[in-house]
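# A look at the structure
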Amino acid sequence: MKSRITTLSLALVLVAVFAINTTVKIHHDEDAIKEVLETGYVHGAFNELNPEAMTKTFHEDFAIFSPGREGKINRYPIANWVEGTKKRKADPNFDPAENKWEHTFKRVDVSGKAAHVELELHRNGKLVYTDYLSLLKFEDDWKVVAKVYHQHETP
């Protein structure tokens, strides 16, 4: 009887340790994902127009997917987005002070080496986009591999 209680107690301790380690790892991954997205997505693609940060954040095969005509899917590759960002930043009429976006992480789900993020982008206090970003972990780095989004009506 004493042996069973000891075995059961040891099993419960191991389960608790495993659960704590898993929770800590998930929170670490969530923090890493948020940092990657703030640096290379929110600031790289929106606030600072930083193509170098974008290149570090997005996988080379990344694309934005949106509905096309006749049930087709439009695919906008990262290379096109980076080039557009460079052109926009180089435009003499571009005013960084007028290009401020706020963001809110609505959800970050992590399952091992895969993650899904729901992020809202606000401009001038108005919700403009709800983005759904898919990420994969390559070695030690999270990379954004796909995006779908909804553009909200703005008056």
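The rules we used
- Residues numbered from 1 in each chain as written.
- Predicted model: local features only at pLDDT ≥ 70, side-chain atom pairs only at ≥ 80, totals over all residues.
- Heavy atoms only, no water.
- Salt bridge = Lys/Arg side-chain N within 4 Å of Asp/Glu carboxyl O.
- Helix = DSSP H or I, 4+ residues; strand = E, 2+ residues; numbered from the N terminus.
- Buried < 20%, exposed > 50% of the residue type's maximum accessible area, 1.4 Å probe, protein only.
- Core = buried A, V, L, I, M, F, W, Y, C linked by side-chain atoms within 4.5 Å.
- Contact = heavy atoms within 4.5 Å.
- Phe/Tyr/Trp six-rings, centres within 6.5 Å; stacked < 30°, edge-to-face > 60°.
- Lys NZ or Arg CZ within 6 Å of the ring centre and 35° of its normal.

### Here's the deal with the pattern of salt bridges
Per the stated rule, a full pass over the model turns up four salt bridges. Residue Lys86 is joined to Glu83 by a salt bridge in which the shortest nitrogen-to-oxygen separation is 3.4 Å. Of this pair, Lys86 and Glu83 both sit in helix α3 (residues 78–90), three residues apart, which is roughly one turn of the helix. Of the charged contacts in the structure, one is a salt bridge between Asp131 and Lys147, with a shortest N-O distance of 3.8 Å. Note that Asp131 is positioned in strand β5 (residues 126–138) and Lys147 in strand β6 (residues 141–151), a separation of 16 residues in sequence. By the burial criterion, Asp131 is buried, and Lys147 matches it.

### Remarks on the nonpolar core
Counting residues in hydrophobic clusters, the biggest one holds 26 residues, and the most contacted among them are Ile33, Leu37, Tyr41, Phe58, Trp81, Val117 and Leu135. Residue assignment for this core shows that the elements contributing at least two residues are α1 (2–47), β1 (58–67), α3, β3 (102–111), β4 (114–123), β5 and β6. When residues in this core are grouped by element, the largest group, six residues, is from α1. Excluding its chain neighbours within four sequence positions, the residues that come into contact with Phe58 are Gly40, Tyr41, Ile78, Trp81, Lys143 and Val144.

### What to know about the packing of aromatic side chains
One pass over the full model with this rule turns up ten aromatic pairs. Both rings, one in Phe46 and one in Trp81, keep their centres 6.4 Å apart while their planes meet at 80 degrees; by these two values the pair is edge-to-face. Of the two residues, Phe46 sits in helix α1 while Trp81 sits in helix α3, which places them 35 residues apart along the sequence. The exposure class assigned to Phe46 is buried, which follows from its relative accessible area of 9%. Members of the aromatic cluster, connected to one another through ring pairs, are Tyr41, Phe46, Phe58, Phe62, Trp81, Trp101, Tyr129 and Tyr149. One residue, Lys147, lies across the ring of Tyr149, its end atom 5.3 Å from the ring centre.

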